[in-house]
Amino acid sequence: MDTIASLFSFITTPVSWVIVQFHSVYGKVFGPDTGWAWGLSIVSLVILIRICLIPLFVKQIKATRAMQTLQPEMKKIQERYKNDKQRQSEEMMKLYKESGTNPLSSCLPILAQSPFFFALYHVLNGIATGTTIGVINDSLLASARKAHIFGAPLAAKFTDGSSKVEALGATLTDVRVVTAVMIVMMSASQFYTQRQLMTKNVDTTVKTPFMQQQKMLMYVFPVMFAIFGINFPVGVLVYWLTTNVWTMGQQMYVIHNNPTPGSKAQAAYLERLTKHVTHHEKTRSRGEKAIVKAIVSKGRDRNEFERKFINSLTKVGLVAQPDGTVVKGESTAVESEDGTPTTATPRRQQPKRQTKAQRQSAAAKAADDSAEHDADDADEPKTSLTKSDEPEDAKPATAAKKPAPKPAGGTRSKAQSGQRKGPQRPKSPSKK
């Protein structure tokens, strides 16, 4: 073990130095021999490492986005070679090579943490065996062996025997309860983080090897943590539990503010963005402008959630611009499901339904108005609109109104009840 530690002293020495520096700070607050001082030193080490890995995490996000842009091409390859799995895999690898993407990019943060995990494991294992490693001298070693986290020594393991645990000043029950709880929490946080990625931030419309890989990791990593966790010291369990919680929170932030196109998280984000933009009639932050700019630049290649976002803005008189801003406009063109623009026709407003009392009062008012109008007509004298210069006696008799001539023939008379109008068809003579 000493040989391995000496070979990797270039990483174990810096890790031990960082832990000692944090311990000197927390030791002044909680006491140098307490579990809080050593436990918080390990937590601070994790936070420092994860902050240093943020550029790598951003690179991972960009690589994941690049994989998402290849989803349409992957779908075409799957449809074209659906009966030839080998040719399908070859075309997929060719596509990855041409686009410069790597499906294993999601494992980069874990691979980058491996050296630090290895160094911390050897530092804590040296504390458990009473061996000084790096800058941890004999006095610091004795202080670390006295530190307990919830009754479990910092260097104790789940598989340790009662004699070894008693030598560290603890009971076997306390050690196994604490380590079991931490292993379960560590595995559960890892499973939830991966499941959140699969259920909310993955485009489920296309089945790709990348999705199969993520689904496999969702079950493999928790099992690995549960199996190997029983051989980890309590300090290493603190390290992995802290880094899993950090990863979970970091991923929740990314999913909430920069979701994968076509995922459920994007649908929820665009719904929130629609409410904000329609309320303020503008994009408020640089992140919102970047999202709107990316959606506008896609054109007809927008997915269903992005088309719904553009149509929602159009219906309230807003137009998304190529630079990511939103302005008022007169456009009434909306996009259909296939991305083709159509003209939105205004919906006809239905009259408001009146109650029975309102209808009766309106009918009574109309009847009163009609009666008043008839009374006014009866009171007014009837006058001729035109005046004639000739007296009435001088008018020729021919001007008198002649009665209308009666229609000749019975066939032209008014049809009786039950008969058709017009000439009647003669009845055929009955045969005797």
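Throughout, residues of each chain are indexed from 1 in the direction in which the sequence is written. Reporting in this predicted model follows two pLDDT cut-offs: at least 70 for local features of residues, and 80 or more for side-chain atom pairs to be given and counted; totals over whole chains, interfaces and linings ignore these cut-offs and use all residues. Side-chain numbers here rest on the full set of heavy atoms in the structure, without hydrogens or water.

Draft legend 1. Highlighting the overall build of the protein chain. Secondary structure follows DSSP: runs of H or I at least 4 residues long count as helices, runs of E at least 2 residues long count as strands, and numbering of each begins at the N terminus. Along its length, the protein chain carries 16 helices and six strands. Relative accessibility thresholds used throughout: buried, under 20% of the residue-type maximum; exposed, over 50%; partly exposed, between the two (1.4 Å probe, protein chains only). Considering the protein chain as a whole, with its 432 residues, one finds that 36% of them fall into the buried category. Counting only contacts in the protein chain whose residues sit at least 6 apart along the sequence, the fraction spanning at least 24 positions is 63%. Surface accessibility in these figures is a Shrake-Rupley result with a 1.4 Å probe; residues are shielded only by whichever protein chains are displayed. Just so you have it, the protein chain exposes about 28100 Å², and 58% of that area is on carbon and sulfur atoms. When checking whether two residues touch, look at their non-hydrogen atoms; a contact exists if any pair is within 4.5 Å.

Draft legend 2. Examining the packing of aromatic side chains more closely. Between rings of Phe, Tyr and Trp, where Trp is taken as its six-membered ring, a pair exists when centres lie within 6.5 Å; planes separated by under 30 degrees are stacked, by over 60 edge-to-face, and by other angles tilted. The final tally for this structure, using the stated rule, is five aromatic pairs. Where Phe 22 meets Tyr 26, the ring centres are 6.5 Å apart and the plane angle is 25°; that geometry is what we call stacked. With Phe 22 and Tyr 26 both in helix H2 (residues 9-30), this residue pair falls four residues apart, about one helical turn. For Tyr 26, a relative accessible area of 22% translates into the label partly exposed. When the ring of Phe 30 is compared with that of Trp 36, the centres are 6.2 Å apart and the planes differ by 25°; the resulting orientation is stacked. Joined through ring pairs, the aromatic side chains of Phe 225, Tyr 239 and Trp 240 make up one cluster. The ring of Phe 158 has Arg 176 lying over it, and the distance from NZ or CZ to the ring centre is 5.4 Å. When the NZ atom of lysine or the CZ atom of arginine is within 6 Å of a ring's centre and also within 35 degrees of its normal, the charge is said to sit over that ring.

Draft legend 3. Up close: the pattern of salt bridges. A pairing counts as a salt bridge when a side-chain nitrogen of Lys or Arg comes within 4 Å of a carboxyl oxygen of Asp or Glu. A full pass over the atoms with the stated rule returns five salt bridges. The closest approach of N and O atoms between Glu 91 and Arg 87, which form a salt bridge, is 3.1 Å. Taken together, the positions of Glu 91 and Arg 87, both in helix H6 (residues 85-99) and four residues apart, correspond to about one turn of that helix. Take Arg 87: its relative accessible area is 34%, and that puts it in the partly exposed class. The shortest N-O distance in the salt bridge between Glu 281 and Lys 328 comes to 3.3 Å. With Glu 281 in the loop between helix H13 (264-280) and helix H14 (286-298) and Lys 328 in strand S4 (residues 326-328), this residue pair connects regions lying 47 residues apart in the sequence.

Draft legend 4. A look at the environment of Val 165. Structurally, Val 165 is set in helix H9 (residues 162-167). The buried category is assigned to Val 165, whose relative accessible area is 0%. Once you skip the residues sitting within four places of it in the chain, Val 165 turns out to touch Asp 160, Ala 170, Thr 171, Leu 172 and Val 175.

Draft legend 5. Quick peek at the packing of H2 against helix H3 (residues 35-52). Every axis in this analysis is a line fitted to C-alpha atoms, fitted for helices over the stretch in contact. Angles between the N-to-C directions lie between 0 and 180 degrees. Running from N to C, H2 and H3 point in directions that differ by 130°, and their axes come no closer than 8 Å. On the basis of the axis angle, H2 is oblique to H3. Where H2 crosses over H3, the two elements pack in a sense that is right-handed. Across from Val 15, Val 18, Ile 19, Phe 22, His 23, Tyr 26, Gly 27 and Phe 30 in H2, the residues of H3 making contact are Trp 36, Ala 37, Trp 38, Leu 40, Ser 41, Ser 44, Leu 45 and Leu 48. When describing relative orientation, an angle under 35 degrees is termed roughly parallel and one over 145 degrees roughly antiparallel, while 65 to 115 degrees is termed roughly perpendicular and anything else oblique. Crossings are assigned a handedness: left-handed for a near helix turned anticlockwise from the far helix by less than a right angle, right-handed for a clockwise turn.

Draft legend 6. The packing of H3 against helix H12 (residues 234-257), seen in detail. At a minimum axis distance of 9 Å, the contact between H3 and H12 shows a crossing angle of 40°. Considered as vectors, H3 and H12 are oriented oblique to each other. Taken as a pair, H3 and H12 cross one another with a handedness that is right-handed. Across the interface between the two elements, Gly 39, Ile 42, Val 43, Val 46, Ile 47, Ile 49, Arg 50 and Ile 51 of H3 pack against Gly 235, Val 238, Tyr 239, Thr 242, Thr 243, Trp 246, Thr 247 and Gln 250 of H12. Residues are sorted three ways: Asp, Glu, Lys and Arg are charged, Ala, Val, Leu, Ile, Met, Phe, Trp, Tyr, Cys and Pro are nonpolar, and all the rest, Gly among them, are polar. A per-class count over the contact of H3 with H12 returns nine nonpolar, six polar and one charged.

Draft legend 7. Representation of the nonpolar core in the model. Take the buried residues of types Ala, Val, Leu, Ile, Met, Phe, Trp, Tyr and Cys, join any two whose side-chain atoms come within 4.5 Å, and each joined set is a nonpolar core. Within the largest apolar cluster, 47 residues are counted, with the highest numbers of intra-cluster contacts made by Leu 120, Tyr 239 and Trp 240. Within the residue set of this core, elements represented by two or more residues are H2, H3, helix H7 (108-129), helix H8 (138-146), helix H10 (172-200), helix H11 (209-229) and H12. Residue contributions to this core peak at seven residues, all from H7. The contact partners of Leu 120, leaving out residues within four places of it in the chain, are Val 15, Ile 19, Ile 42, Leu 45, Val 236 and Tyr 239. Within the second largest apolar cluster, 14 residues are counted, among which are Tyr 269, Val 292, Leu 318 and Val 326.

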